[in-house]
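# Fold and contact review
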Amino acid sequence: MLIKILFVIYAALIPLVPLWGARYYSKKEDASKKTICYVLFAVQIMLSFGSILTYLGAA
């Protein structure tokens with residue numbers, strides 16, 4: 001049970017990396033890299049959600 005909880009937490013934290021990048025490039029006023037980071041964030045949310053569902057056997 002603990003391993004499942006840790007996996008869900010880990011998979012939920014991964015999308016925060018591109019979100020941090022979007023904030024970083026927003027401060028640097030680099031619109032193209034900020035947009036890329038937001039797209040990566042959206043893709044990573046979907047991948048993490050799919051991984052969690054598959055791992056838990058709900059997919």
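Refer to the structure above for everything that follows.
Notes on the structure in this doc start here. Because the structure is predicted, anything quoted here is derived from the model rather than measured.

## Examining the overall build of the protein chain
Within the protein chain one finds 3 helices and 0 strands. Counting from the amino terminus, the protein chain carries its helices and strands in the arrangement α-α-α. Taking 59 residues into account, the globule formula puts the C-alpha radius of gyration at 10 Å, and the protein chain, at 14 Å, lies well above it. Across its three principal axes, the protein chain shows a C-alpha extent of roughly 45 × 20 × 5 Å. Out of the 59 residues belonging to the protein chain, those deemed buried represent 14%. For the protein chain, the computed accessible surface area is about 4700 Å², with 72% contributed by carbon and sulfur atoms.

## Side note on the environment of S26
Within the fold, S26 resides in helix α2 (residues 16-27). A relative accessible area of 38% places S26 in the partly exposed class. A C-alpha to C-alpha distance of 37 Å links S26 and L2, two positions 24 residues apart in sequence.

## Details of the pattern of salt bridges
Side chains that differ in sign of charge can pair as their charged atoms come close. Tallied over the full model, the rule gives 1 salt bridge. Residues D30 and K33 are paired through a salt bridge, measuring 4.0 Å at the closest nitrogen-oxygen approach. Given a relative accessible area of 24%, D30 falls into the partly exposed group. Accessibility expressed as a relative area gives 39% for K33, which makes it partly exposed.

Criteria and cut-off values
- Residues numbered from 1 in each chain as written.
- Predicted model: local features only at pLDDT ≥ 70, side-chain atom pairs only at ≥ 80, totals over all residues.
- Heavy atoms only, no water.
- Helix = DSSP H or I, 4+ residues; strand = E, 2+ residues; numbered from the N terminus.
- Rg over C-alpha atoms; globule rule 2.2 N^0.38 Å.
- Buried < 20%, exposed > 50% of the residue type's maximum accessible area, 1.4 Å probe, protein only.
- Areas by Shrake-Rupley, 256 points an atom, 1.4 Å probe, with all protein chains shown as cover.
- Salt bridge = Lys/Arg side-chain N within 4 Å of Asp/Glu carboxyl O.

None of this, on its own, says anything about what the molecule does.
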